[in-house]
Amino acid sequence: MHVGPPRQWSAPIRARSIREYVIHALLLAVLLVPVFPDVFLRGEVAFPANVIYLYAPWRAHMPPDLEPQNMVLETPRQANAWYYLTAKAMCEGEWPLWNPYQFMGVPLIGSYQTAIFYPPRLMFLLIDDLYVAFTLFILSKLWLGGMLAYVCARYVSLPPAYARFVSIAYMFGGYMITWCSYTTVDSMAWAPLLYTGLEMLVEGRWRRGFAASFVSATMMAFAAGAQHTLTFSLMLGLYFLVRLAALRSPAHALRAIGTAAGAGGAALLVTSIQILPFVETLRLSESVLDTVFKDSASNYYLSPLDIPVLWTPAYFGTNLHGNYWGRMNALYVMMAYIGVACWLGAALSFRGEGFTPVARARVRALQVTSVAAMWFAFSLPGAALVLSLPLFDKVRLIYFLSFFIFGVPLFTAFALQRWYESRAEFRQFVPAALLATIIVVITIVHLWSSGPELAEHDRAMTAHGTLLKDLLVDSKAGVPLEPMDGGLDGYVWKQVFWTIGMLALSLACLALAFAQRFRRFGIIAISGALAIDLLSAWHGMQPTSPRSHVFPPMPLFEEIQQRGHPYRVSVLELVASALPIVYDIEESEGYDTIVPRRYAKVLIDQLTPSGRAAFEPALATPCYFFPAPRAGEAKVPPGYEIEFVRDDVIVAKNTRALPRARLVGGVERHDSVESMLARINSTNFDPTNLALVEGEDAPPNRTSAGGPPGEARVTRWDWNGVDVEFEATEDAVLVLAESYYPGWEATLDQSTPLSIFPVYHLMRGVEAPAGRHTVSFRYRPPLFRMGAWLSVASLAGMLACATAVLYKGAAKRRATRCISNP
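Residues numbered from 1 in each chain as written. Predicted model: local features only at pLDDT ≥ 70, side-chain atom pairs only at ≥ 80, totals over all residues. Heavy atoms only, no water.

Peer 1: Tell me what's going on with the overall build of the protein chain, and back it up with residues and numbers.
Peer 2: For the protein chain, the count of helices and strands is 26 helices and 20 strands. The 822 residues of the protein chain split such that 57% are buried. Restricting to contacts in the protein chain with at least 6 residues of sequence separation, those with at least 24 account for 75%. Accessible surface computed for the protein chain: about 33500 Å², of which carbon and sulfur atoms make up 62%. (Helix = DSSP H or I, 4+ residues; strand = E, 2+ residues; numbered from the N terminus. Buried < 20%, exposed > 50% of the residue type's maximum accessible area, 1.4 Å probe, protein only. Contact = heavy atoms within 4.5 Å. Areas by Shrake-Rupley, 256 points an atom, 1.4 Å probe, with all protein chains shown as cover.)

Okay, structure coming up:
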């Protein structure tokens with residue numbers, strides 16, 4: 001355990017160190033080329049443009065040179081919307097607090113994964129082209145993860161060649177690569193630095209440990225991978241406790257735990273501006289898995305049937321080839337892949353002798369924690385207990401792989417260092433050879449027993465001729481699958497033979513330790529084998545597209561834009577929610593990882609078909625998109641009139657749509673949501689002149705025999721505000737067909753505060769006095785303001801403390817030099 005002063009580097013040593021890191025940084029940049037070849041060689045962007053051509057109206061404009069690619073569905077529907085909206089709002093001089101484009105309005109900052117304050121996101125403001133920025137963002141986070149893994153490995157005393165092994169394994173591990181286009185794993189780039197910070201605390205380097213832990217925890221929190229950060233932090237906390245227990249010093253352990261807790265607490269304070277709105281949104285929302293995908297919500301873990309993918313990443317194919325299991329997205333299963341060389345190297349780590357005491361303690365703690373992470377990922381007995389912990393009830397167990405893909409390469413590097421730098425004995429080589437044999441046997445048995453079922457599933461998918469049948473519109477063919485010569489059996493056998501080849505190559509690299517003259521090249525050879533394995537596994541895995549293919553101009557949307565804002569459309573019949581957002585098209589639906597609970601309860605869960613039909617006019621959606629038939633006359637349901645047909649889309653006017661802002665005279669007050677929804681589901685519900693209200697601020701019951709008591713119109717509609725002018729013949733209720741949500745404030749004629757109450761449990765309502773007036777709605781969430789003050793104050797305090805510590809340290813060093821050189 002280090003207890004002395006920090007190491008002092010001479011100028012030549014410092015220069016060599018800088019050169020070492022520069023060389024490794026360039027190496028990692030070069031290694032990105034095989035994963036994204038078309039980005040570097042053809043100038044494409046790292047974006048799955050093919051997804052949008054599954055849908056109308058884009059399908060009518062499908063480029064003739066469109067090639068099959070691995071689909072990443074949520075990137076264009078979800079992450080793209082976050083990036084676009086936040087950049088657009090900030091470029092227009094607005095805080096991106098509210099998203100008025102979907103779910104009738106939803107907090108934008110509250111979704112958390114928008115990561116508005118994450119520093120690397122600045123490139124979306126500095127680079128005009130959103131998708132060029134998106135590409136650089138993906139490349140930079142992978143590169144950063146690899147560099148920090150290298151820094152981490154060097155800190156724990158691994159020589160450069162072994163640190164390079166760790167860096168390559170982590171940067172190109174399945175967890176990082178398969179989800180690199182999502183915001184949810186941005187935080188994992190900083191995970192190695194958090195590990196380094198806790199290792200510093202174990203060694204008694206209090207200031208440096210606090211600083212590294214604080215910086216990494218802050219960046220991970222701002223990066224917004226909430227589930228990934230939670231699972232990694234829980235496993236890292238287990239590692240931390242195991243390491244401290246090995247020291248057998250309660251006083252040291254308590255101080256280390258206290259310092260780590262202080263760093264974590266400081267990080268939470270600094271990131272309050274982003275976390276507090278998220279906590280409120282989480283409280284008022286439901287996971288998309290619990291709403292739209294209820295049947296698959298519990299399937300996000302590995303099963304024994306998935307074991308072959310641990311060493312054969314494409315065993316089940318990617319989405320490009322069809323997902324053979326049909327149980328889970330192939331991307332999830334491939335998260336576990338760390339490379340064959342890591343598995344064989346790990347087999348060498350369980351012999352205790354030959355390690356230094358500190359290295360042995362690290363290896364054992366990493367082994368324990370990595371096994372625990374895999375235990376949870378496979379949902380083995382006891383894993384459910386984790387889901388009962390606070391904040392973990394919505395976590396997907398498979399995300400515990402976040403620590404596994406970091407921990408295994410790290411302790412493997414320690415084992416490889418011992419293997420290549422000490423005398424090798426055949427008995428020590430046996431575990432690796434035995435593991436290679438077991439891997440081959442398990443794979444062959446799995447293929448033998450499951451092959452017929454998988455082949456049948458593959459034939460059905462290939463015969464269908466499209467990526468996923470659920471994404472088709474009106475039974476039209478979508479983007480074709482890549483042809484598969486020989487069917488499933490031939491495809492999978494290719495993957496198995498590749499794995500056997502990688503096993504043989506890795507074993508040969510390990511065997512170099514038996515030859516004295518080649519031993520020093522062993523780590524270089526096995527690192528090369530690892531790179532070949534990982535880069536070949538992910539070649540073509542990440543979709544890239546010509547820039548012209550990504551959300552090209554659409555005449556249909558341009559015509560809708562000319563109708564002005566606010567103008568709401570429904571695209572639900574096209575199964576393309578959230579895609580039109582980049583064309584500034586507001587939807588009555590939406591797509592996100594979390595759904596406002598009020599929206600879900602009314603429009604997804606509890607309205608009957610007849611109740612939904614009766615309630616639909618209140619959604620204030622004047623335009624609906626329907627799929628156009630391939631042959632025959634275009635038809636729409638009753639209540640809609642065809643405006644025109646273009647690009648396989650019927651644009652229909654909703655003749656029953658009520659205005660977005662309207663006055664109603666009738667009021668029914670309900671004591672429960674169930675009572676209100678039962679009223680909507682009743683046979684005589686008509687929202688035209690009736691508001692169903694709830695809450696303490698809601699007005700009492702009143703009846704209105706005639707029509708609406710006046711008219712209202714929206715005069716201003718922007719990111720965080722709406723102005724409504726109205727003229728009422730009597731006291732009434734002003735209903736705004738946008739989401740009721742905490743944080744909205746209303747004033748009458750810019751002076752009199754008004755109480756906002758829920759109408760139909762979903763929309764905003766205020767009491768409207770007779771006469772001509774203006775109501776201004778403004779979104780000013782208190783938790784955002786509180787978080788902003790906490791963040792600014794905390795950051796200022798941390799900077800002041802850091803300045804004082806640095807000044808004190810500099811003064812101490814000057815005094816030391818004066819004593820040494822009187």
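Peer 1: With reference to specific residues and values, describe the nonpolar core.
Peer 2: Among the nonpolar cores identified, the biggest contains 240 residues, and Trp58, Phe172, Leu734 and Phe777 are the most heavily contacted of them. With 16 residues, the single largest contributor to this core is helix H5 (residues 130-155). (Core = buried A, V, L, I, M, F, W, Y, C linked by side-chain atoms within 4.5 Å.)

Peer 1: Give me the sheet that holds strand E8 (residues 640-646): which residues, what numbers.
Peer 2: On the basis of which strands lie adjacent, the open sheet formed by 5 strands has the order E5-E4-E7-E9-E8 and mixed pairing. The strands lining the two open edges of the sheet, one partner per strand, are strand E5 (586-587) and E8. Alignment of strand E4 (residues 568-570) against strand E7 (residues 623-627), held across 2 bridges, turns out to be parallel. Along E7, the bridge assignment pairs Ser570 with Tyr624. (Pairing = 2+ DSSP bridges.)

Peer 1: Could you give an account of the sheet that holds strand E20 (residues 771-779), with specific residues and numbers?
Peer 2: One open sheet holds the 5 strands; their spatial order is E13-E14-E20-E16-E17, and the pairing between them is antiparallel. Unpaired on one side and paired on the other, strand E13 (710-717) and strand E17 (752-754) mark the two borders of the sheet. Strand-to-strand twist across the sheet, computed as the mean angle between neighbouring axes with direction ignored, equals 25°. Direction of pairing for E13 relative to strand E14 (residues 721-728): antiparallel, over a ladder of 7 bridges. Bridged to Ala712 within E14 is Phe726. (Axes fitted to C-alpha atoms, helices over the stretch in contact; angles between N-to-C directions.)

Peer 1: A description of the pairing of strand E16 (residues 744-748) should follow, citing residues and the corresponding values.
Peer 2: Residues of E16 alternate between two faces, with Trp744, Ala746 and Leu748 buried on one and Glu745 and Thr747 left unburied on the opposite face. In this sheet, E20 lies alongside E16 in antiparallel orientation, the contact comprising 5 bridges. Of the residues in E20, the one forming a bridge with Leu748 is Val775. Examined bridge by bridge, E16 and E17 share 3 bridges and lie antiparallel to one another.

Peer 1: Kindly report on the packing of helix H8 (residues 191-202) against helix H10 (residues 226-247), identifying the contributing residues and their values.
Peer 2: Contact geometry of H8 with H10 gives a least axis separation of 10 Å together with a crossing angle of 20°. As far as their axial angle goes, H10 and H8 are roughly parallel. Crossing handedness for the pair H8 and H10: right-handed. Across the interface between the two elements, Ala191, Leu194, Tyr195, Leu198, Glu199, Leu201 and Val202 from H8 touch Phe232, Ser233, Leu236, Tyr239, Phe240, Arg243, Leu244 and Leu247 from H10. (Parallel < 35°, antiparallel > 145°, perpendicular 65-115°, else oblique. Left-handed = near helix turned anticlockwise from the far one by under 90°.)

Peer 1: Could you give an account of the pairing of E20, naming the residues involved and the relevant values?
Peer 2: Pairing geometry for E14 and E20, over 8 bridges, is antiparallel. Each residue of the ladder has a partner; that of Glu725, found in E20, is Thr774.

Peer 1: Describe the pattern of salt bridges, listing the residues and the values that go with them.
Peer 2: Oppositely charged side chains can pair when the atoms bearing their charge come close. The full count for this structure, using the stated rule, is 30 salt bridges. Among the salt bridges present, the one from Arg205 reaches Glu203, with a minimum N-O distance of 3.5 Å. With respect to burial, Arg205 and Glu203 carry one shared label: buried. Salt-bridge contacts for Glu286 lead to Arg597; the nearest nitrogen and oxygen are separated by 3.8 Å. With Glu286 in strand E3 (residues 285-287) and Arg597 in helix H23 (residues 597-605), the pair connects residues that are 311 residues apart, well separated along the chain. By relative accessible area, Arg597 is classed as partly exposed at 31%. (Salt bridge = Lys/Arg side-chain N within 4 Å of Asp/Glu carboxyl O.)

Peer 1: Got a sec to walk through the side chain of Arg77? Specific residues and values, please.
Peer 2: Tracing the chain through its elements places Arg77 in helix H3 (residues 74-91). Although Arg77 is buried, it forms no salt bridge, and the closest oppositely charged side chain is Glu587 at an N-O distance of 7.1 Å. A distance of 3.1 Å separates a polar atom in the side chain of Arg77 from the backbone oxygen of Ser577. If sequence neighbours within four positions are ignored, Arg77 has contacts with Ser577, Ala578, Leu579 and Tyr591. (Lys, Arg positive; Asp, Glu negative; His and termini not counted. Polar contact = N/O pair within 3.5 Å; in protein donor to acceptor, adjacent residues only side chain to side chain.)

Peer 1: Describe the confidence of the model for the protein chain, listing the residues and the values that go with them.
Peer 2: Keep in mind that low pLDDT regions are not for reading the predicted coordinates in detail. Mean pLDDT over the protein chain works out to 86, with 88% of the residues at or above the 70 mark. Overall, residues 292-297 carries pLDDT values under 50, and its contacts beyond four positions in sequence, including any with other chains, amount to 6 contacts. Throughout residues 464-486 the model reports pLDDT below 50, and contacts reaching past four residues in sequence, or to other chains, amount to 57 contacts. (pLDDT = per-residue confidence, 0-100.)

Peer 1: Outline the packing of aromatic side chains, supporting the account with residue identities and numerical values.
Peer 2: Counting across every chain of the model gives 48 aromatic pairs. Note on Tyr112 and Phe278: the rings are 4.5 Å apart at their centroids and 25° apart in plane angle, and the pair reads as stacked. Taken as a pair, Tyr112 in the loop between strand E2 (106-107) and helix H4 (123-126) and Phe278 in helix H12 (residues 272-283) lie far apart in primary sequence, 166 residues in all. Per residue, the accessibility class of Tyr112 equals that of Phe278, and both read buried. Centroid distance Trp744 to Tyr779: 5.4 Å. Interplanar angle 40°. Geometry classified as tilted. One end of the pair, Trp744, is in strand E16; the other, Tyr779, is in strand E20, and 35 residues separate them in sequence. The same class applies to Trp744 and to Tyr779, which are both buried. Aromatic ring contacts, followed pair by pair, group Phe47, Trp58, Tyr83, Tyr118, Phe124, Tyr131, Phe134, Phe137, Phe551, Phe557, Tyr583 and Phe625 into a single cluster. Seen from the ring of Trp744, Arg764 lies directly overhead, with NZ or CZ sitting 3.7 Å from the centre. If you follow Arg764 out to its NZ or CZ, it ends over the ring of Phe777, 5.8 Å from the centre. (Phe/Tyr/Trp six-rings, centres within 6.5 Å; stacked < 30°, edge-to-face > 60°. Lys NZ or Arg CZ within 6 Å of the ring centre and 35° of its normal.)

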